[in-house]
Amino acid sequence: MQENFAKTLNRALITTLMIIVGAIVLLIPAIWNGFPHVYSDTGAYLATAFEGKIPLGRPTGYGMFIRYTAIGNSLWSTIFIQALLFSGLLWRALKIALPMAKTWQVFPIVILVAGVTTGANWYTGQLMPDVFTGLVILTFYLLLFDQALNSFAKIGLSFLAYVFCFSHYSHMALLLAMSMVFLVWNVWLLIRKKAPSFSIFSLAWTVTPALLAILSFYYVNYSNDLGWRMTRSSHVFTMAKLSESGMLKEYLDETCEEMNWALCPYADELPKSAAAFIWNGDSPFKKTGYWDNSRPQYDSLIADFFSRPKYLGWYVKDGAVSTFEQLFELSVAEGLTPYNENSSPYKFFERAMPDKIPAYLGTVQFDRLLSFDKEKLILQAVMIISALILLFGLFWGRKRLNSQLLTLSVIALFAYVMNAAITGALANVYSRLQARIAWLIPFAAVLLAWAIISEMRKGKLL
């Protein structure tokens, strides 16, 4: 009895130590920076966390996460918890997908390849919800395929999935999309009278967090007298997408004589990018009501736009093209530029946390423009190699490798494509939105490569 207890304690200590070390490795860029990295949206999330403000174009979930993890108002504790979640979920997914391997041997390789060479460590130490994009997929995988989970563990994982979904609209959409795909797959297996890969009822653990996040989006707006709606900004981002694609210009040229839309006088001034439409100081968006006041007019225009088959077909076609483009839009630490005295993050610190201004001014990020050209090349090379490993593993090793590992590989691929569709087709093509989930592919590839090499050594695979 004592010997078994000692072994269990020893394993627990090793696991804890490895997860903590993994978290510290993931935070090296932030430690080097001297402060958690910030992005242009960080100020809005911090204002939600510490001033109770409801952001115009973002959900409140990540701001609440910051508030409850910033122990003693320390933003370091927030990114450390982010890193622990990343490291811990990686460890557990590795253990389930590769049960025959010694986890402590494979884990350092996983952290190096999936966490460092892909640039995931730059997202982990950043005050942004992007770190959660891939983690919502790991919770999805564990909830469906980790047979060792008891009810309390499933509740805990589902709660994490809810936090991740409540932090960003795309995370909620991603989890729902993955759940629907695997529901259809399981039903297909049942129709063909084959054994399903998991219980259909277990999908309740993955769908519920997404549905609760949707209710939370509505409730936050309703409770703050902003109406019973999920988001205050969908009309803006949709219009920006239409402007970027050129569809809005043609639509206005065709309908302005009849409909007299507020945007009609600016049909020839529409920005060529979605970001410019929303953020440029002289954008037609700012001249036609801005965020809240533009809603009635924009909602009417969008409804009429999609009621016309010509434009609906154009939008679907453009969405498919944008999805394909987004698949290959990869970079490292996109948007980590200096945010000076006129930026949203600086203004928040100046207004609400002036004691952090000296540390913020002393950061590497504030001091100079960083270049990630070499890191981008490394990421692209890792992604190509990983894709080749996945193809080999899925087609040649499907009869030799365990189903949990193959399923993880399929989930990683599906999630990567789904994320491209959700962000590229519904928002805009932007490398940050795809790079934040790219690490899932190398993660699955490392585990496949380990399993393939192990099987080759046994002479079983080829």
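Conventions we followed
Throughout, a residue's number is its position along its own chain's written sequence, starting from 1. With pLDDT at 70 or above as the cut-off, local features in this predicted model cover only qualifying residues; side-chain atom pairs require 80 or more to be listed or tallied, and sums for whole chains, interfaces and linings still use all residues. Here the side-chain values reflect all heavy atoms present in the structure, with hydrogen atoms and water set aside. For Phe, Tyr and Trp, where Trp contributes only its six-membered ring, two rings pair if their centres lie within 6.5 Å, and the inter-plane angle classes them as stacked under 30 degrees, edge-to-face over 60, or tilted in between. Per the convention used, a helix needs a DSSP run of H or I reaching at least four residues, while a strand needs a run of E reaching at least two, with both numbered from the N terminus. Exposure is judged per residue with a 1.4 Å probe applied to protein chains only, and the accessible area is read against the type maximum: over 50% gives exposed, under 20% gives buried, and values in between give partly exposed. Whether two residues are in contact is decided by their heavy atoms: any pair within 4.5 Å suffices. In this description, a line fitted to the C-alpha atoms serves as the axis of each element, helices being fitted only across the stretch in contact, and the angle between N-to-C directions of two axes falls anywhere from 0 to 180 degrees. Here roughly perpendicular refers to angles of 65 to 115 degrees, roughly parallel to angles under 35, roughly antiparallel to angles over 145, and oblique to all remaining angles. For this classification, Asp, Glu, Lys and Arg are treated as charged, while Ala, Val, Leu, Ile, Met, Phe, Trp, Tyr, Cys and Pro are nonpolar and the rest, including Gly, are polar. Note that a disulfide, as used here, is simply two cysteine sulfur atoms within 2.5 Å.

**Some details on the packing of aromatic side chains**
- Applying the stated criterion across every chain, the model contains 41 aromatic pairs.
- Taken together, a centroid distance of 5.4 Å and an interplanar angle of 70° make the contact between Phe140 and Phe182 edge-to-face. With Phe140 in helix H8 (residues 132–145) and Phe182 in helix H10 (residues 169–191), the pair connects residues that are 42 residues apart, well separated along the chain. The pair Phe140 / Phe182 is uniform in exposure class, with both members buried.
- Grouped by ring-pair contacts, the aromatic residues Phe35, Phe50, Tyr346, Phe348, Phe349, Tyr360 and Phe366 constitute a single cluster.

**Considerations on unusual backbone geometry**
- With a phi close to 65°, Asn73 is a non-glycine residue in the positive phi region.
- Mapped onto the fold, Asn73 is located in the loop between helix H4 (61–69) and helix H5 (75–97).
- A positive phi angle, near 55°, is found at Ala333, a position not held by glycine.
- Structurally, Ala333 is set in the loop between helix H18 (309–327) and helix H19 (344–352).

**A few points about the side chain of Asn33**
- In this structure, Asn33 sits in helix H2 (residues 28–33).
- Ignoring anything within four residues of it in the chain, the contact list for Asn33 reads Thr363, Val364 and Gln365.

**Focus on the packing of H4 against helix H9 (residues 151–167)**
- Following both chains from N to C, one finds H4 and H9 inclined at 125°, their axes separated by 6 Å at the closest point. Judged by the angle between their axes, H4 and H9 are oblique. On H9, the residues touching Gly61, Tyr62, Met64 and Phe65 of H4 are Val163, Phe166 and Ser167.
- Tallied by class, the residues present in the contact of H4 with H9 amount to five nonpolar, two polar and no charged.

**A look at the state of the cysteines**
- Taken as a whole and judged by the stated rule, the model has one disulfide.
- Linked covalently through their sulfurs, Cys256 and Cys264 form a disulfide whose S-S length is 1.9 Å. Residues Cys256 and Cys264 are joined by a disulfide whose S-S torsion is about -100°; by sign, that bridge is left-handed.

**Re the environment of Ala173**
- Considering the arrangement of structural elements, one finds Ala173 in helix H10.
- Taking the C-alpha atoms as reference points, Ala173 and Leu330, separated by 157 residues in sequence, lie 21 Å from one another.

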